[in-house]
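Close look at the chain arrangement
Here's the letter readout for the chains.
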Amino acid sequence: VDMSEKRFSKYEKIQVGDVARLEKPITEDDVKKFVALTGDDNPLHIDRKYAEQTSFKGIVVHGMLGASFLSTLIGTKLPGEGALWVSQNFDFLLPVRLGDHLTVESIVTKKHDKENLIELNTTIRNQNRAVVVSGTGKVKIIETEFKEAEAPRTDAKVALVTGAAGGLGSAICRRLAKDGYKIAINFRNQPEKADALAAEIAELGGE
């Protein structure tokens, strides 16, 4: 099951075999931002002349830059809301280069019901489908007491009562309001009674 476009918020909805994927091209701007954030200015990652003199013959992107997108995947897709990443191991198998297009993937391999914990196989592949990073991780799903707002009613009943400020009209309004109708109070020359009736209906929970 490909869960790439699905967000999870409840542990019970997650099944062994669920998959999430994220596509990310790696740019020079990504590397600059990572250096600014972490302070890791190793010339292998940012100095083209230096990198060309190494066995890599060019810039190698920080390994953890690519791996950081696993956090994006876990936090926004699988499991998504409420995800607490508690452990992860990485094997960096191949270097990532500027311009590489990475596919980040996680697959649920096990669930631990008592802890609300899932285990994941995590993989990052480049545009040639070669695995550049692999590993396993554990993620705890934090539940909340949040309740979704009720959807607005689309079957609301509305009654227009003419002469509603009079004795018979006001009685009809009260009964219809009690039966779940929204009331439109029509009157000609008794605005005070109409206002009082509207207030009475509102106090009773009507509209």
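Here we summarise the structure given alongside this text. Values in this document were obtained by computation on a predicted structure and should not be read as measured data.

Tracing the sequence through the fold places Glu 105 in strand S3 (residues 101-112). A relative accessible area of 11% places Glu 105 in the buried class. At a separation of 2.6 Å, a polar atom in the side chain of Glu 105 contacts the side chain of Arg 21. Among residues more than four places away in sequence, those in contact with Glu 105 are Val 19, Ala 20, Arg 21, Leu 70, Leu 73, Asn 121, Thr 122, Thr 123 and Arg 125.

As a further point, take unusual backbone geometry. The step from Leu 78 to Pro 79 runs through a cis peptide bond, and the omega angle for that step is 5°. With respect to the helices and strands, the residue Pro 79 is situated in the loop between helix H4 (63-76) and strand S2 (83-92). A positive phi is found at Asn 116, a non-glycine position, where the angle reads about 55°. Checked against the element boundaries, Asn 116 lands in the loop between S3 and strand S4 (117-125). Residue Asn 116 is classed as buried on the basis of its relative accessible area of 16%. With a phi angle near 70°, Arg 129 is a residue other than glycine that sits in the positive phi range. Here Arg 129 shows up in the loop between S4 and strand S5 (131-141).

Looking now at the nonpolar core. Within the largest apolar cluster, 26 residues are counted, with the highest numbers of intra-cluster contacts made by Ile 26, Leu 65, Val 104, Ile 118, Leu 120 and Ile 124. For this core, the secondary structure elements donating two or more residues are strand S1 (19-25), helix H1 (28-38), H4, S3, S4 and S5.

The subject of this paragraph is the packing of aromatic side chains. Scanning the entire structure with this criterion turns up one aromatic pair. For the pair Phe 90 and Phe 92, a centre-to-centre distance of 5.7 Å together with 40° between the ring planes defines the contact as tilted. A residue is classified by how much of its surface remains accessible, and Phe 90, at 22% relative accessible area, is partly exposed. By relative accessible area, which is 43% here, Phe 92 ends up partly exposed. The ring of Tyr 11 is capped by Lys 111, whose NZ or CZ atom sits 4.3 Å from the centre of that ring.

In this section: helix H5 (residues 167-178). If you check H5, its first and last C-alpha atoms are 17 Å apart, about what 12 residues at 1.5 Å a residue would give, namely 16 Å. Every buried residue belonging to H5 is among Gly 169, Ser 170, Cys 173 and Ala 177, and all of these are buried. When H5 is viewed along its axis, its buried side chains cluster within an angular range of 95° and face the same direction. Seen from the buried face of H5, the exposed residues on the opposite side, beyond 90 degrees, are Gly 167, Leu 168, Arg 175 and Lys 178.

Think of it this way: side chains of opposite charge can pair up when their charged atoms draw near. Going through the model one piece at a time under the given rule, you end up with seven salt bridges. With its nearest N and O atoms 2.6 Å apart, the salt bridge here joins Glu 105 to Arg 21. Taken together, the positions of Glu 105 in strand S3 and Arg 21 in strand S1 put the pair 84 residues apart, joining distant regions of the chain. In this structure, Asp 29 and Lys 33 form a salt bridge, with 3.3 Å as the shortest nitrogen-oxygen distance. On the criterion of helical spacing, the pair formed by Asp 29 and Lys 33 is a turn pair, its members being four residues apart in helix H1. Here Lys 33 falls in the exposed class, since its relative accessible area comes to 54%.

Rules and cut-offs
Residues numbered from 1 in each chain as written. Predicted model: local features only at pLDDT ≥ 70, side-chain atom pairs only at ≥ 80, totals over all residues. Heavy atoms only, no water. Helix = DSSP H or I, 4+ residues; strand = E, 2+ residues; numbered from the N terminus. Buried < 20%, exposed > 50% of the residue type's maximum accessible area, 1.4 Å probe, protein only. Polar contact = N/O pair within 3.5 Å; in protein donor to acceptor, adjacent residues only side chain to side chain. Contact = heavy atoms within 4.5 Å. Core = buried A, V, L, I, M, F, W, Y, C linked by side-chain atoms within 4.5 Å. Phe/Tyr/Trp six-rings, centres within 6.5 Å; stacked < 30°, edge-to-face > 60°. Lys NZ or Arg CZ within 6 Å of the ring centre and 35° of its normal. Expected span 1.5 Å × (residues − 1). Arc of directions from axis to C-beta. Salt bridge = Lys/Arg side-chain N within 4 Å of Asp/Glu carboxyl O.

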